[in-house]
Amino acid sequence: MTVHTVEVPEDNAVFGQTTSAFASFGYSAAVRAHGLLFIAGTIGRRADGTIPDTIEEQTEIAVSKIEEILRLENLDTSALVDVTSYHVDIRQHLPGFIEAKQRLVQAPYPTWTIIGVSGLASPGLLVEIRATAAYPDAPR
């Protein structure tokens, strides 16, 4: 089995100084295996490391990071097949998340699971999104 680790360059404008988290926490941004791209949970932390107050902005940033990882692999959001999002205070923030998601994610839609959680890795984080994409050349 061939496994390819996606490396996000340290000077990447979308990730900025947050690329240090991969080494600090010992994980890859994404891994390609068996024709699928497994994208680690992405959060709404700005490139400068700060965390926005709104669910809308955090969602936009998290989705833009997923889009950037897809771009690095010559894919776009139409390659997404499965997404899971984790939400702090889900009842309070779900309307804002859904509004941002509807603006950012277009058909064809992937499957999507939304899970409420009591907290994420850093105080102030409201959403984390992980995703799986399929490469167009993968066998059916």
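Definitions and cut-offs
Residues numbered from 1 in each chain as written. Predicted model: local features only at pLDDT ≥ 70, side-chain atom pairs only at ≥ 80, totals over all residues. Heavy atoms only, no water. Phe/Tyr/Trp six-rings, centres within 6.5 Å; stacked < 30°, edge-to-face > 60°. Buried < 20%, exposed > 50% of the residue type's maximum accessible area, 1.4 Å probe, protein only. Helix = DSSP H or I, 4+ residues; strand = E, 2+ residues; numbered from the N terminus. Lys NZ or Arg CZ within 6 Å of the ring centre and 35° of its normal. Expected span 1.5 Å × (residues − 1). Contact = heavy atoms within 4.5 Å. Core = buried A, V, L, I, M, F, W, Y, C linked by side-chain atoms within 4.5 Å. Salt bridge = Lys/Arg side-chain N within 4 Å of Asp/Glu carboxyl O. Polar contact = N/O pair within 3.5 Å; in protein donor to acceptor, adjacent residues only side chain to side chain.

J.: Explanation requested: the packing of aromatic side chains in the structure shown.
T.: Centre distance and the angle of the planes are the two values used to describe a pair of aromatic rings. Considering all chains together, one arrives at three aromatic pairs under this definition. When the centroid spacing of 5.9 Å and the interplanar angle of 55° are considered together, the rings of F15 and F22 count as tilted. Judged by relative accessible area, which is 14%, F22 ranks as buried. Between F97 and W112, the ring centres sit 6.1 Å apart and the planes meet at 65°, which makes this aromatic pair edge-to-face. With F97 in helix α3 (residues 90-104) and W112 in strand β5 (residues 111-117), this residue pair connects regions lying 15 residues apart in the sequence. Above the face of the Y135 ring, R32 is positioned so that its terminal group lies 3.5 Å from the ring centre. For K101, the ring lying beneath its charged end belongs to W112, and the centroid distance is 4.5 Å.

J.: What is the right way to look at helix α2 (residues 55-72) in this model?
T.: Residue pairs three or four apart in sequence face the same way in an α-helix, which turns once every 3.6 residues. With 18 residues, α2 should reach 26 Å at 1.5 Å per residue; the first-to-last C-alpha distance of 26 Å fits that figure. For α2, the full list of buried residues reads I55, Q58, T59, I61, A62, V63, K65, I66, E68, I69 and L70. Buried-residue contacts for α2 involve β1 (3-6), β2 (30-33), β3 (36-43), β4 (80-88), α3 and β6 (127-134). Trailing α2 by a residue or two, N74 shows a phi angle of about 60°, which is positive.

J.: Help me out: how do you make sense of the nonpolar core in this one?
T.: The nonpolar side chains of a soluble globular protein tend to be buried, and buried together. By size, the foremost hydrophobic cluster in this structure holds 25 residues, and its most contacted members are L37, I39, I69, L70 and I129. Of all elements in the fold, only β3, α2, β4 and β6 reach the threshold of two or more residues within this core. Counting residues per element, this core draws most heavily on α2, at six residues. Residues contacting I129, with those up to four places away along its chain left out, are A40, G41, T42, A62, V63, I66, V83, T84, S85, F97 and W112.

J.: Which parts of the structure should I look at to understand the pattern of salt bridges?
T.: Pairs can form between side chains of opposite charge once their charged atoms are near each other. Enumeration according to the criterion identifies four salt bridges in this entry. Taking the shortest distance from any N to any O, the salt bridge between R46 and E57 comes out at 3.0 Å. Taken as a pair, R46 in the loop between β3 and α2 and E57 in helix α2 lie far apart in primary sequence, 11 residues in all. Residue classification places E57 among the partly exposed positions, given a relative accessible area of 27%.

J.: Could you clarify how one ought to interpret the environment of E60 in this entry?
T.: Following the sequence through the fold, E60 ends up in helix α2. On a C-alpha basis, the gap between E60 and F15 in space is 13 Å, while along the polypeptide they are 45 residues apart. If sequence neighbours within four positions are ignored, E60 has contacts with R103 and L104. At a separation of 2.7 Å, a polar atom in the side chain of E60 contacts the side chain of R103.

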